[in-house]
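Overview (structure and organization)
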Amino acid sequence: GEELDVKVARNLNRENIADAVTQLSDSIIAKVVRTRKPVIVSDALRDDEFASSKSVIHLKVSSVICVPLLDRGRLIGLIYVGNDSIRDLFQQDTLRVLSIFASQASLIVANALLMNELRIDNKRLHERLEQYRFGEIVGTSPLMQAVFRKVEKISATDISVLITGETGTGKELIAREVHNRSPRAGKPFITINCGAIPENLLESELFGHVKGAFTGAVANKQGKFQAADTGTLFLDEIGEMPIELQVKLLRAIQEKVVYRVGDTRPETVDIRILAATNRELEKEIANGRFREDLYYRLNVVQVELPPLRLRGEDVLVIARYLLSRYAREYDAKVKGFSPNAAVAIRKHNWPGNIRELENRIKKAIVLCESSVIGPDDLGLTGDVLPQILTLADAKDKFQRDYINEVLALNNGNRTKTARDLGVDPRTVFRHLEKEGGEPGEAEGSSM
Ligand SMILES: Nc1ncnc2c1ncn2[C@@H]1O[C@H](COP(=O)(O)OP(=O)(O)OP(=O)(O)O)[C@@H](O)[C@H]1O
Ligand SMILES: [Mg+2]
């Protein structure tokens, strides 16, 4: 009664058979599908079982052998060999050969199906990741989505942006993204780390110097401002900028004019300013370490990067992203995190934020002995997942604990407990017997 739907069929000439159904005996196939056992028919037109089958008559079938392709008991296809002129073509030894062939074919087909599933899975994951990627920045949490929207809006403009956030939260990444999405994208993106350059060299680094301006100034040299001309200048760790230089910086930004150290000739520059800090500049202002006027000049718009602990599931999404990125880069065979590792990543509070996560992942990829990264590889404590029970055992355990809990709430009163739980008092009694609890306790003693 069931309609046969052939997805693919090939003949001996390796041609795809378009209308396979019309060339096969559906009653023979139906039997193999039903029984999952091979069928040999020697003379179909005279066969008790199949002689009356329309397809057999119509196709003038005489010899047929048909074996199922099984993958752990699941029918994934079948091999059908038929002939319309020779009787008794197939014997038990043909069946043996075909069965061996069929088991090989099943393996291959099952693998192909699995591969296909994996490919689809992978593609879906990839698409999801793409959806939550903003350049190199991954973030699914509402806080990060809000950051992305803001960055998108400000990128098109020339406004100064102050990027704040704890260390390792992606401030530099955001700065690059602002630049890459701005009309200045093809132009230079120049970073200066104000905290990493000795104070006496910082002015020259920023604005350049002329030969002989100071000991060691053996030639003219341009500064970061000149290098960033027509592009973007990223003032990283702006909170470390010495207060004396802040006046000069403010003037340069406001007037778009700079003077090299040892020179009085002005140079005009066309730059967009981005700045970042992990310090609370308001506090620095209160303590006299940061100029308020510079602060307002830099902080036209502020992008605040939330710490990882406020980004929910992001930590795992970022971890997976970094894993696949560095596995590719190091050409490592690592495939993913173990469930325990995933839970450990999620639970760990990341003081060094994403940079620390990144470092641990890099190290784990290089040192990991298997294809799956465990909590130990990440230097995180394992044992975070409870021991896995079968569902039946888990239900059982829950039920025991729950009854005990309600019993405790009812001071051991079984009748009341049974009523609360909506079960027969005998259920509670049996439970207590199994627990080896006080069987002699008076029923309903505190009613
Ligand atoms: N959302 C994210 N998705 C993927 N990678 C990220 C993300 N945020 C940060 N990273 C990675 O983490 C590392 C630290 O980021 P970044 O250098 O931008 O942080 P930072 O805030 O400037 O840190 P610091 O304050 O220490 O200078 C970088 O290697 C970056 O690629
Ligand atoms: Mg940084």
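The structure presented is a predicted model; accordingly, all values stated were derived computationally and were not measured.

So, how was this worked out
- Residues numbered from 1 in each chain as written.
- Chains lettered and ligands numbered in written order.
- Predicted model: local features only at pLDDT ≥ 70, side-chain atom pairs only at ≥ 80, totals over all residues.
- Heavy atoms only, no water.
- Pairing = 2+ DSSP bridges.
- Helix = DSSP H or I, 4+ residues; strand = E, 2+ residues; numbered from the N terminus.
- Axes fitted to C-alpha atoms, helices over the stretch in contact; angles between N-to-C directions.
- Near = heavy atom within 4 Å.
- Polar contact = N/O pair within 3.5 Å; in protein donor to acceptor, adjacent residues only side chain to side chain.
- Areas by Shrake-Rupley, 256 points an atom, 1.4 Å probe, with all protein chains shown as cover.
- Nonpolar A, V, L, I, M, F, W, Y, C, P; charged D, E, K, R; others polar.
- Expected span 1.5 Å × (residues − 1).
- Buried < 20%, exposed > 50% of the residue type's maximum accessible area, 1.4 Å probe, protein only.
- Arc of directions from axis to C-beta.
- Contact = heavy atoms within 4.5 Å.
- Patch = residues over 30% accessible without salt bridge, like charges linked within 9 Å, V, L, I, M, F, W, Y side chains within 5 Å.
- Salt bridge = Lys/Arg side-chain N within 4 Å of Asp/Glu carboxyl O.
- Domains from an automatic or database assignment.
- Buried area = accessible area lost by both parts, 1.4 Å probe.
- Core = buried A, V, L, I, M, F, W, Y, C linked by side-chain atoms within 4.5 Å.

Turning our eyes to something else, we now look at the sheet that holds strand β7 (residues 189-193). Within the open sheet, the five strands sit side by side as β7-β10-β13-β6-β14. Their pairing is parallel. Across the chains shown, the open sheet's two edge strands, defined by having one partner strand only, are β7 and β14 (301-304). Going across the sheet, the axis of each strand differs from the next one's by a mean of 20°, ignoring polarity. Judged from the four bridges that link them, strand β6 (residues 161-164) and β14 form a sheet pairing that is parallel.

Neighbouring ligand 1 are 17 residues, the closest being T167, G168, K171, R355 and E358. A distance of 2.7 Å is found between an oxygen atom of ligand 1 and a side-chain nitrogen or oxygen belonging to K171. With the chains in place, 90% of the 630 Å² that ligand 1 exposes on its own is no longer accessible. Elements with a contribution of two residues or more to the shell around ligand 1: β5 (137-138), α5 (171-180), α11 (314-329) and α13 (353-367). Across the shell around ligand 1, the residue classes tally to six nonpolar, four polar and seven charged.

Along an α-helix, residues three or four positions apart point the same way, because every turn accommodates 3.6 residues. Relative to the 18 Å expected for 13 residues at 1.5 Å per residue, helix α8 (residues 243-255) spans 19 Å between its end C-alpha atoms, a close match to the ideal helical length. Among all positions in α8, only L245, Q246, L249, L250, A252 and I253 are buried. Around the axis of α8, the buried residues are gathered within 165° of arc, so they sit on the same side. Where α8 is buried, its residues meet α6 (199-207), α7 (224-227), β10 (232-236), β11 (257-259), β13 (272-277) and α10 (292-298).

Unusually for a residue other than glycine, R36 sits at a positive phi of about 55°. A relative accessible area of 39% places R36 in the partly exposed class.

This paragraph deals with a nonpolar patch on the surface. A cluster of nonpolar side chains, L114, M115 and L118, forms an exposed patch at the surface whose accessible area comes to about 290 Å². Residue classification places M115 among the partly exposed residues on the basis of a relative accessible area of 47%.

Let us now look at the domain arrangement of the chain. How big an interface is tends to be expressed through the accessible area that disappears when the partners come together. When its domains are assigned, the chain resolves into domain 1 (20-114), domain 2 (153-306), domain 3 (309-378) and domain 4 (391-435). Put simply, the middle of domain 2 and the middle of domain 3, counted by C-alpha atoms, are 34 Å apart. At the junction of the two partners, domain 2 supplies six residues and domain 3 supplies seven residues. Together, the buried faces of domain 2 and domain 3 total about 560 Å²; carbon and sulfur atoms form 35% of this surface. By the criterion of area lost to domain 3, the three top residues of domain 2 are E166, G168 and P306, representing 68% of everything that side buries. Of the charged contacts in the structure, one is a salt bridge between R309 and E166, with a shortest N-O distance of 2.7 Å. Inspection of the domain 2/domain 3 interface yields five residue pairs in polar contact (both at pLDDT 80 or more). In terms of residue class, the side of domain 2 that touches domain 3 is built from two nonpolar, three polar and one charged.

Before going further, it helps to spend a moment on the nonpolar core. In terms of nonpolar packing, the biggest core is built from 29 residues, with L206, F225, L233, L235, I238 and L298 touching the most fellow members. Secondary structure elements with two or more residues in this core: β7, α6, β10, α8, β13, α9 (281-286) and α10. Of all the elements, α8 adds the most residues to this core, at five residues. Counting residues in hydrophobic clusters, the runner-up holds 28 residues, among them V138, A319, C368 and L380.

Further remarks concern the pattern of salt bridges. Counting across every chain of the model gives 29 salt bridges. Between R325 and E136 there is a salt bridge whose closest N-O contact spans 3.7 Å. Within this pair, whereas R325 is found in helix α11, its partner E136 is found in the loop between β4 (133-134) and β5, the two being separated by 189 residues in sequence. E267 is the partner of R260 in a salt bridge, and the nearest nitrogen-oxygen pair spans 2.9 Å. For E267, a relative accessible area of 24% gives the class partly exposed. Residues joined in a network through salt bridges with shared partners are R133, E136, R325 and E358.

This brings us to the environment of A219. Tracing the backbone shows A219 in the loop between β8 (208-209) and β9 (221-222). Once the C-alpha coordinates of A219 and H209 are considered, the two residues, 10 residues apart in sequence, prove to be 8.2 Å apart. Not counting residues within four places of it along the chain, the set of residues in contact with A219 comprises H209, V210 and K211.

Of all nine residues that make up strand β2 (residues 63-71), eight are buried, and the element is covered over most of its length. Here strand β1 (residues 39-41) pairs with β2 via three bridges, running antiparallel. Looking at β2, one finds that V41 is bridged to V64. Note that β2 and strand β3 (residues 74-83) share nine bridges and pair antiparallel. The residue of β3 that forms the bridge with P68 is L78. From the end of β2 to the start of β3, which pair antiparallel, there are two residues, and R72 there has a positive phi angle of about 45°.

A few words now on helix α15 (residues 414-421). Looking at α15, one finds that the buried residues are R414, T415, T417 and A418. One side of α15 carries all its buried residues, which in axial view fall inside an arc of 165°. Taken together, the buried residues of α15 touch α14 (391-409) and α16 (425-435). Put simply, N413 is the residue that caps the front of α15, since its side-chain oxygen is 3.1 Å from the backbone nitrogen of T415. Phi turns positive, to about 70°, at G422, one or two residues after α15.

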